[in-house]
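Single-letter residue listing:
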Amino acid sequence: MRNGFGISMNKSEETISISNNNGENLLVLLEEEQRKSGYLSQEFITALAQSLDTPVSEIYGVISFYSFLSNKLQGRNIIRICKNLPCFLKNSELIIKCITQELGIKPGQTTPDGRFTLVLTNCIGACDKAPAMMINNDIYGDLTPQKITKILESYK
Amino acid sequence: MPEKHIVLRNCGVINPEDLTSYTARGGFQALKKALSIGPEQIIKEIKESGLRGRGGAGFPCGLKWEFTRNTKEQSKYLICNADEGEVGTFKDHFILENDPFSLIEGIAIASYAIGVKKSYIYLRGEYHNLSGRLQNAINQAKENKFLTHVNIEIREGAGAYVCGEESALMDSIEGKRGEARFKPPFPTDKGLWQKPTVINNVETLMNIPQIILNGAAWFNQIGTERSKGTKVFSVSGDVACPGVYELILGSSLKELLINISQSDNIKVVQIGGATGRLVPGTAIDTPLSFESVLGAGSITVFNETRNIMDIVYHTMEFLAEESCGKCTPCREGTEVMKLIIDKFRCGNGTQHDMQLLTELSSAMSLASLCGLGQAAPNVITDSMQYFRDVYESLIPANLRGVKA
């Protein structure tokens, strides 16, 4: 039997488990939904808990563990500015200030039009191009305040 | 010159999207040779080569393979750790971007030698843009019948540094919170889904094809007595030429910093990222090897203008945020350390705080569950050792010399 989430409900096999090596995998399911809908709604979590026969708390525990998963509605584009040392040395604080001013929001907030969510993140592996940030899956390095406006303009 | 390209030999040379450009450089000849000499001989070669894990811990690679091969369990797994989250590390990104084929060949050889039918590449979520290229390399290798013995699947992380720790990584592949496990049992005994599992870093696996092609004796003569081969370093911070450099193990840190990446007025260098060690500018004349300092090869340089307390605070802030929270010493310790360092940053430290930092450091390194918590105090102990005067200068004058 398949349900709306494409999860096998055959209890006689291991496939129902959130952690088996054959069937569906809780983290993979959450990642897919996050990519598709931009966040994990209360409805989704409740329905997933039912179909996996898993407590909501367990699912919430996984969501809250991973910074790329969110149970709150987010902007269409997510800006992640690196705040770690290699970027800090290259004046990432100026970039953070510049973007917060440009968008009128603080880290952790979403613009009222839903266009951007701004977060500060840990190392994104672009230290040779510091200061660096990600927008959705794209990495931008060697950032300067002059570059910011143009980069943001390309995201609608 | 200490630079030598074994791991990076194809980077910038081949077309990373096209397998024929890889085979034109001798690609998949090592797999062919491996299949002809058999698993025992492969493991013997890797053991004799002296190859040690490149993710930071430096465990002998051949031994890990042998433990897992020799278990009675039928199902076992190989995981390639591509969760490169250590602050200041970007070498695996460079490797995956420029030569995904050598990695796939390394995984193919390892899988055959260990006897696994299923391998995973755990790619950090931040590197999502590389997964298409990696999948393309797998597909092309499959179409050309190089992967008939093993199925390779990419699993993506979702933004959690601790998942680079091998036991947390396995929990994450299982779909759970990526929390560290108690050891023993070790992964080679009970790993992914409680089955024997080998976990190798990207760079470790990149070495495999060249060792099989050229032989253990060739690899064994490169490097120092206990550190064979090369290491790929990620250099960032106050340097004129940041980037990825592959050096023979045992090369001088000073040479890498001064001659290759061109830095000067060095106050301190952080080697191995947030859980790594601090080396003061006066002590950079030291070899880069497992016997000395290495980690996963990240090198962040700080010049004389930098504030040591900023370095320590940012490092602790990172660790407090990325602690998985499962064990108390790490969860609470990193948080308290961060708060204490912030007091010093504001010039409000006390003698008692310094004593508390020392006590916490020893408790955490002794009692934490995994490498994160055990190594988290490194930045505190090292900075207190080399820059004690800075700590003391941040205690208000009326409190200096006052015992707790």
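Treat the numbers as computed from the prediction; the structure is a model and nothing was measured.

Visitor: Teacher, can you tell me more about the interface of chain B and chain A here?
Guide: For an interface, size is often stated in terms of accessible area lost upon the parts coming together. Counting from both sides, the interface comprises 37 residues of chain B and, opposite them, 31 residues of chain A. Among the elements of the structure, helix 7 (128-143), strand 5 (230-237) and helix 12 (308-322) of chain B are those that each provide at least two residues to the side of chain B that touches chain A. At six residues, the largest contribution of residues to the side of chain B that touches chain A is made by helix 12 of chain B. Looking at the side of chain B that touches chain A residue by residue, the classes come out as ten nonpolar, 18 polar and nine charged.

Visitor: Help me out: how do you make sense of the sheet that holds strand 1 (residues 77-82) of chain B in this one?
Guide: Hydrogen bonds along the backbone pair up the strands of a sheet, which may run parallel or antiparallel. All names here are of chain B. Read from one edge to the other, the open sheet built from four strands follows the order 3-2-1-4, with strand pairing classed as parallel. The sheet terminates laterally at strand 3 (151-156) and strand 4 (197-201), the two strands that pair on one side only. With direction set aside, neighbouring strand axes in the sheet form an average angle of 20°. As judged from the six bridges shared by strand 2 (residues 118-123) and strand 3, these two strands associate in the parallel manner. For S119, the partnering residue across the bridge sits in strand 3 and is I152. Sitting on the sheet, helix 7 is in contact with strand 2 and strand 3, with an inclination near 175° to strand 3.

Visitor: What should I look at first to understand helix 8 (residues 166-173) of chain B in this one?
Guide: Helical geometry note: an α-helix holds 3.6 residues per turn, so side chains three or four residues apart project in the same direction. Along helix 8 of chain B, eight of the eight residues are buried, which leaves the element largely enclosed by surrounding structure. When helix 8 of chain B is considered as a whole, its buried residues turn out to be E166, S167, A168, L169, M170, D171, S172 and I173 of chain B. Packed against the buried residues of helix 8 of chain B are helix 1 (26-37) of chain A together with strand 1, strand 2, strand 3 and strand 4 of chain B. Directly after helix 8 of chain B, the chain includes G175 of chain B, whose backbone phi takes a positive value near 95°.

Visitor: Before we go on, may I ask you to explain the environment of C11 of chain B in this structure?
Guide: Residue and element names in this part refer to chain B. Relative to the helices and strands, C11 is located in the segment before helix 1 (19-23). What makes C11 partly exposed here is the crowd of 19 C-beta atoms within 10 Å. For the pair C11 and P242, spaced 231 residues apart in the sequence, the C-alpha separation amounts to 17 Å. Look past the residues within four positions of C11 in its chain and what remains in contact with it is F94, I95, N98 and D99.

Visitor: What is the right way to read the sheet that holds strand 7 (residues 266-271) of chain B from this model?
Guide: All names here are of chain B. Taken in spatial order, the five strands of this open sheet run 6-5-9-7-8, and their pairing is mixed. Because the sheet does not close on itself, it has two edges, and the strands there are strand 6 (243-248) and strand 8 (277-280). On average, each strand axis in the sheet is tilted by 30° relative to the strand beside it, whichever way the strands run. Taken together, the five bridges between strand 7 and strand 9 (residues 298-303) define a ladder with antiparallel strand orientation. The partner of V268 across the bridge, within strand 9, is F302.

Each value, and the rule that gives it
Residues numbered from 1 in each chain as written. Chains lettered and ligands numbered in written order. Predicted model: local features only at pLDDT ≥ 70, side-chain atom pairs only at ≥ 80, totals over all residues. Contact = placed C-beta atoms within 7 Å. Helix = DSSP H or I, 4+ residues; strand = E, 2+ residues; numbered from the N terminus. Nonpolar A, V, L, I, M, F, W, Y, C, P; charged D, E, K, R; others polar. Pairing = 2+ DSSP bridges. Axes fitted to C-alpha atoms, helices over the stretch in contact; angles between N-to-C directions. Buried ≥ 20, exposed ≤ 12 C-beta atoms within 10 Å, placed from the backbone.

Geometric values such as these leave the question of function open.
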